[in-house]
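Results of the structural survey
The residues making up each chain are set out below.
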Amino acid sequence: MWKFILPVAAFVGLAVLFAFGLNPNRDIHAIPSPLIGKPAPLFKLTDVSDPGRIVNNAELKGQVYVLNVWGTWCVACRQEQQDLLAIAQQHVVPIIGLDYMDERARAQQWLKQLGNPYDAVAFDTDGRTAIDWGVYGAPETFLVDGSGRVIYKFISPLTQEVWSHEFLPRIETARRGGA
Amino acid sequence: MRASAGALAPSTYAALARTALALIALIALIALGALIAVHPAVADSAPAVATAVAPAASGAAPGGAPGDAVDAYGQLRNPGLETRYEHITAQLRCLVCQNESIADSNVELASDLRRQVREMLIAGRSDADIFKFMTDRYGEFVRFSPPLEAKTLLIWGAPFIMLLIGAVIILRVVRERARQPLDDTPAAGASGSP
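To start, this report covers the structure provided alongside it. Predicted, not measured: the structure shown is a model, and the values here were computed from it.

Rules used throughout
Residue positions are given per chain, counted from 1 along the sequence in the order it is written. Chains carry letters and ligands carry numbers; both start at the beginning, A for chains and 1 for ligands, and go up in the order they are written. Where totals are concerned, whole chains, interfaces and linings use all residues; where local detail is concerned, this predicted model gives features only for residues with pLDDT of at least 70, and gives and counts side-chain atom pairs only at 80 or more. With hydrogens and water excluded, all non-hydrogen atoms of the structure serve as input to the side-chain values. The aromatic pairing rule takes the rings of Phe, Tyr and Trp, using the six-membered ring of Trp, and pairs them if the centres are within 6.5 Å, calling planes under 30 degrees apart stacked, those over 60 edge-to-face and the rest tilted. Burial status follows relative accessibility: with a 1.4 Å probe on protein chains alone, a residue under 20% of its type maximum counts as buried, one over 50% as exposed, and anything between as partly exposed. A ring is scored as having a charge over it whenever the NZ atom of a lysine or the CZ atom of an arginine sits within 6 Å of its centre and within 35 degrees of its normal. Numbered from the N terminus, helices here are DSSP runs of H or I no shorter than four residues, and strands are runs of E no shorter than two. By this definition, two strands are paired if DSSP reports at least two bridges between them. We call two residues contacting when some pair of their heavy atoms lies within 4.5 Å. We define a salt bridge as a side-chain nitrogen of Lys or Arg found within 4 Å of a carboxyl oxygen belonging to Asp or Glu. In the analysis that follows, any N or O atom pair within 3.5 Å is treated as a polar contact, provided that within protein one partner can donate a hydrogen and the other can accept it, and provided that, for residues neighboring in sequence, both atoms belong to side chains. This arc describes the spread of directions from the helix axis toward the C-beta atoms.

Each aromatic ring pair is summarised here by two numbers: the centre-to-centre distance and the angle between the ring planes. Residue and element names in this part refer to chain A. Within this structure, the stated rule accounts for 7 aromatic pairs over all chains. Ring plane angle 70° and centroid distance 4.9 Å describe the contact between tryptophan 133 and phenylalanine 142, whose orientation is recorded as edge-to-face. Exposure class is identical for tryptophan 133 and phenylalanine 142. Each is buried. Above the plane of the ring of tyrosine 152 lies arginine 170, whose end atom (NZ or CZ) is 3.9 Å from the centre.

Below is the structure:
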């Protein structure tokens, strides 16, 4: 009896393991964020276009918003920009940018050239805010609910498809939950 | 008489089994010892002594300003702190180039994280504080060796489980062989020879 069960059990076990481990849709570099469900780290940074203006995410409390981490050095961000502009056109939620490891002049040039989908762009000069948010690359996009909690993180360039499948339903739920 | 030199008596098999089991037990003990020595919870406990000294030591540095705690090469002046710094940065994964530690990586994020570790050490924070700061932000994945807790028990226990499975297999094989008739018994010889 065991001679039959053991190999079958081993086969099923391996099959399940491979089904999860070798799934081509799984990004092995995407690390689950420990921030999900936790209060969004607060930051007070200067605006990339206007150093006199302060971008303070504590002021956004009470509304759902998106934080998009980018940098002019990031090739994938350039690719993402068109989709981000289209998403911004929908005016669903405020989109806050976090310009990471960048130079102010370059960032300003980028926004002028490619268009500015952001309601405000915080300029993270020394990368401390990015560390607080557990950022390890760009682009990364966070969704924060009305109570100031991070509810979702998306790593890789945002597309309109991802926006409507992953973000919009969550924004909807967050708004109903928050109301 | 033929081949009798190569055959072993059943009692010899039993002796072999006992020797094998004793060997396995010895290996298990050595492995356990090694694991305990390597485990971060234990490895951390030694520099913990330095933790208590650190704030006083950095305070004793002339001026006491953070700039004074680091020399021109970016090394911490306090040798105790520098040792802990090297230990901690070697234990943290660079998330950009996932198989390098932040101590080894040249990526900008790694240097930002090294700065963070250095600043926290100068501020007198413990190793546990620093690891918690990192895992709160980047998850357990940022640590090369997972801490020993309920959900990581399987990872740390796997070598012992494997050893146990091996021991059971050896035991069963040896017992089975001890029961089998020897190759040169008349019955086996009679049926097997052409």
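Right, let's talk about the pairing of strand β6 (residues 140-144) of chain A for a bit. All names here are of chain A. The element β6 is largely enclosed, with a buried count of 5 among its 5 residues. Note that strand β3 (residues 65-70) and β6 share 5 bridges and pair antiparallel. When the sheet's bridge partners are listed, tyrosine 65 is paired in β6 with valine 144. Here 5 bridges tie β6 to strand β7 (residues 150-155), and the two strands are oriented antiparallel to one another. Within the sheet, the bridge partner assigned to phenylalanine 142 lies in β7 and is lysine 153.

The interface is formed by 17 residues belonging to chain B together with 16 residues belonging to chain A. Applying the counting criterion to the chain B and chain A interface returns 2 salt bridges. Notably, a salt bridge pairs arginine 137 of chain B with aspartate 132 of chain A, separated by 2.9 Å at the nearest N-O pair. Our count for the chain B to chain A interface comes out at 4 residue pairs in polar contact (both at pLDDT 80 or more).

This part takes up helix α3 (residues 104-114) of chain A. All names here are of chain A. Turning to α3, its buried residues are Ala107, Trp110, Leu111 and Leu114. Around the axis of α3, the buried residues are gathered within 95° of arc, so they sit on the same side. Across α3 from its buried face, at more than 90 degrees, point the exposed residues Ala105, Lys112 and Gln113. Of the surrounding elements, those touching the buried residues of α3 are β3, α2 (75-89), β4 (95-100) and β5 (120-124).

Spatial relationships are all this shows, so hold off on functional conclusions.
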